[in-house]
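# Residue-level structure breakdown
Residue strings, one per chain:
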Amino acid sequence: MENISIIILFLFVMFTLLGTGVWVGLALMGVAWVGMELFTTRPVGDVMITTIWSASSSWTLTALPLFIWMGEILYRTRLSEDMFKGLAPWMARLPGGLVHTNIVGCTVFAAVSGSSAATLTTVGKMSIPELRKRNYPEKMIIGTLAGASTLGLMIPPSLTLIVYGVTINESISKLFFAGILPGIILAGMFMAYVAVTSRVSISWNPAEEPKLSFLQKVANTRFLMPVIVLILVVIGSMHFGFATATEAAAFGVIGSLILAATQGSLSWKSFTSSLMGATYTSAMISLILAGAAFLSLSMGFTGLPRGLADIIASLELSKFELILALLLFYIILGMFLDGISSVVLTMAVVEPMIRQAGIDLIWFGIFIVVVVEMAQITPPIGFNLYVLQGMTNHQMGFIARAAFPMFVIMVVMVFVLIAFPEIATWLPDNIRSRPS
């Protein structure tokens, strides 16, 4: 009963603060402050300052603003136009045609941008006008873009995986490699859905694409080469042990600046815009992480995480039952909070549970990312749905219905991960990494 009373108190303070419009990071600090005042005699101000400084001065966290900046720089280049030119000739002959450019384009851009919103905006600007011009079904255009853009959260560099790794003190490089295979498999599942739908749908009647020879397709592929080289530099430097995740992020920033300069799209205005965009996003996430660190410490004084872990242990749930319970919990939470907030808000309580259940923390990071991806396309707070509404002027209901099949595919992906955990753990278990 005591644990339930503490949970109710924390939730009441949390939702009161969030309901008044207080920033998420400050709301977390407010809840932590209340917990410290009620459950410990230690000076709250000193503890808060020490905890926030420790959380903010983590060297691992340096990778976060660098990867965000890399994505911001590329977002302001002609990358989207070049990607469509390079991808379209290869996608046109597949069942489903150029709709696959949404999925493959998001997969490629996800590998140079850890942001779902940046992936959605960049690829959407490229593909929506072209696909509409060719008479592809509007629901399929919107749905695949909403679902595939969430791959920016899984395929490295993933901001969510960085936040998760920092929160539980796990290797960022291992988490990055853990996201590669699941990200590719999920993209393949999206493409399979498009292929099947194109064969059974009576409204599928796009304009025919002109046939190109193999040499013409290869010639158009040159537009993709700069971004592919950048991906290989970032991921390859970590794979071969040349760089940590933070150093790889620095390589990515330098590479993206060079790419923007060679495209002729690097100006003082685009440079400062990308820098300020990265600063805003990084500051927001860092404030949330600082608040979460203070809340975790406060919860430790209450004994809540250990108490909940003991309750879960007493229920004697199997790993599968615990994962299903957490799946339902995060889906509901994702209806009201963005992904990064969901991760940092819950890890203080969830981490002891999964450790006690013997669940692999690397695998659980990928599980969390898939469920957070669902939150991006789940009303009423699905961030990707709002971005798409601004881009297309469709009603929210139409966009949510178009994205629902992608949500179902992500649920299926969770069960694939449960059935075959090696999908997430094989690469990080066998990868060469640089000694810390």
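Since the model is a prediction, treat every value here as computed from it, not as a measurement.

Calculation notes
- Residues numbered from 1 in each chain as written.
- Predicted model: local features only at pLDDT ≥ 70, side-chain atom pairs only at ≥ 80, totals over all residues.
- Heavy atoms only, no water.
- Phe/Tyr/Trp six-rings, centres within 6.5 Å; stacked < 30°, edge-to-face > 60°.
- Helix = DSSP H or I, 4+ residues; strand = E, 2+ residues; numbered from the N terminus.
- Buried < 20%, exposed > 50% of the residue type's maximum accessible area, 1.4 Å probe, protein only.
- 1 Å grid on protein atoms, 1.4 Å probe; cavity = no way out; pocket = protein on both sides within 12 Å on 5 of 7 lines; lining within 4 Å.
- Points joined across faces, edges and corners; volume = space filled by probe spheres on them.
- Core = buried A, V, L, I, M, F, W, Y, C linked by side-chain atoms within 4.5 Å.
- Contact = heavy atoms within 4.5 Å.
- Salt bridge = Lys/Arg side-chain N within 4 Å of Asp/Glu carboxyl O.
- Polar contact = N/O pair within 3.5 Å; in protein donor to acceptor, adjacent residues only side chain to side chain.

With that settled, the discussion passes to the packing of aromatic side chains. Given two aromatic rings, their pairing is described by the distance between the two centres and the angle made by the two planes. Across all of its chains, the model carries 8 aromatic pairs by this definition. Both rings, one in tryptophan 363 and one in phenylalanine 367, keep their centres 5.7 Å apart while their planes meet at 15°; by these two values the pair is stacked. Of this pair, tryptophan 363 and phenylalanine 367 both sit in helix H18 (residues 361-376), 4 residues apart, which is roughly one turn of the helix. Take tryptophan 363: its relative accessible area is 5%, and that puts it in the buried class. When its relative accessible area of 0% is taken as the criterion, phenylalanine 367 is described as buried.

Turning to empty space enclosed by the protein, a few remarks are in order. Within this structure, the stated rule accounts for 1 cavity of 30 Å³ or more. The volume enclosed by the largest cavity comes to roughly 30 Å³. For the lining of the largest cavity, the element with the highest residue contribution is helix H14 (residues 268-302), accounting for 3 residues.

Let us now look at the nonpolar core. Phe67, Tyr164, Met347, Phe364 and Phe367 are the most contacted members of the largest nonpolar core, which has 146 residues in total. With 12 residues, H18 is the largest single contributor of residues to this core. Once you skip the residues sitting within four places of it in the chain, phenylalanine 364 turns out to touch Tyr164, Leu326, Met347, Val350, Ile354 and Ile359.

A word on the pattern of salt bridges. Tallied over the entire structure, the rule returns 4 salt bridges. Between glutamate 130 and lysine 133 there is a salt bridge whose closest N-O contact spans 3.6 Å. Here the residue glutamate 130 and the residue lysine 133 both occupy positions in helix H7 (residues 116-133), the gap between them amounting to 3 residues, near one helical turn. Using a relative accessible area of 22% as the deciding quantity, one classes glutamate 130 as partly exposed. Judged by its relative accessible area of 62%, lysine 133 falls in the exposed class. Between arginine 132 and glutamate 138 there is a salt bridge; the shortest N-O distance is 2.7 Å. Residue arginine 132 is classed as partly exposed on the basis of its relative accessible area of 36%. Among the ionic contacts, a cluster of salt bridges with common partners joins Glu130, Lys133 and Arg134.

Turning our attention to the environment of leucine 317. Turning to its location among the elements, leucine 317 is positioned in the loop between helix H15 (304-315) and helix H16 (319-334). With relative accessibility at 36%, the residue leucine 317 sits in the partly exposed group. In the structure, leucine 317 is positioned 40 residues away from alanine 357 in sequence and 8.6 Å away in space, judged by C-alpha atoms.

Checked against the element boundaries, serine 270 lands in helix H14. Overall, serine 270 belongs to the buried group, its relative accessible area being 13%. One polar contact links the side chain of serine 270 to the main-chain amide nitrogen of serine 267, over a distance of 2.8 Å. Discounting residues that sit within four places of it in the chain, serine 270 has contacts with Arg76 and Ser265.

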